[in-house]
Amino acid sequence: ATPRDWLTSGKPVAITGAPTRWGKVDVRMTGGSGLIEGQVVLHDAAAPATWLTLRLPKGAKLTEVTANGAPLKIDGEKVRLPRAPGRMTIAARYTG
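Residues numbered from 1 in each chain as written. Predicted model: local features only at pLDDT ≥ 70, side-chain atom pairs only at ≥ 80, totals over all residues. Heavy atoms only, no water.

Enquirer: It is not clear to me how the pattern of salt bridges should be interpreted in this structure. Could you clarify?
Expert: Between side chains of opposite charge, a pair can form when the charged atoms approach closely. Counted according to the given criterion, the structure contains two salt bridges. Of the charged contacts, one joins Arg-4 and Glu-77 as a salt bridge, the two residues approaching to 2.6 Å between their closest N and O atoms. Highlighted residues: Arg-4 in the segment before strand S1 (13-20) and Glu-77 in the loop between strand S7 (74-75) and strand S8 (78-81), separated in sequence by 73 residues. In this structure, the salt-bridge partner of Glu-64 is Arg-93, at a minimum N-O distance of 3.7 Å. With Glu-64 in strand S5 (residues 61-67) and Arg-93 in strand S9 (residues 86-95), this pair connects stretches of sequence that are 29 residues apart. Residue Arg-93 is classed as partly exposed on the basis of its relative accessible area, which comes to 44%. (Salt bridge = Lys/Arg side-chain N within 4 Å of Asp/Glu carboxyl O. Helix = DSSP H or I, 4+ residues; strand = E, 2+ residues; numbered from the N terminus. Buried < 20%, exposed > 50% of the residue type's maximum accessible area, 1.4 Å probe, protein only.)

Enquirer: Hey, could you run me through the nonpolar core in this one?
Expert: Soluble globular proteins: nonpolar side chains tend toward being buried together. Formed by 21 residues in total, the largest nonpolar core has its most connected members in Val-40, Leu-52, Val-65, Leu-81 and Ile-90. Taken together, the elements giving at least two residues each to this core come down to strand S2 (23-32), strand S3 (35-42), S5, S8 and S9. Per-element tally for this core: the top contributor is S9, with four residues. Every residue in contact with Leu-81, bar those within four places of it in the chain, is listed here: Val-40, Thr-50, Leu-52, Leu-72, Met-88 and Ile-90. (Core = buried A, V, L, I, M, F, W, Y, C linked by side-chain atoms within 4.5 Å. Contact = heavy atoms within 4.5 Å.)

Following this line, the structure appears as structure tokens:
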């Protein structure tokens, strides 16, 4: 997990080719002023579920998260991504 302030610093946070049990994953996010935007690439969709955790500063709360424009259910700081390989555009709004 990233430190809480990273996703609201205005600077990009990225990892490329992260190995997982179900294939490689790329993540690139930039955030600040109540909005986090970025890309997630799932190189293989074999995982039964893929969760993205957006660690926010203490006291901040996710209010809306979308993947390719479709709303995702928020569970605290986590969202379950669609089970499909390829690139997803993520947009997350938060308060606090």
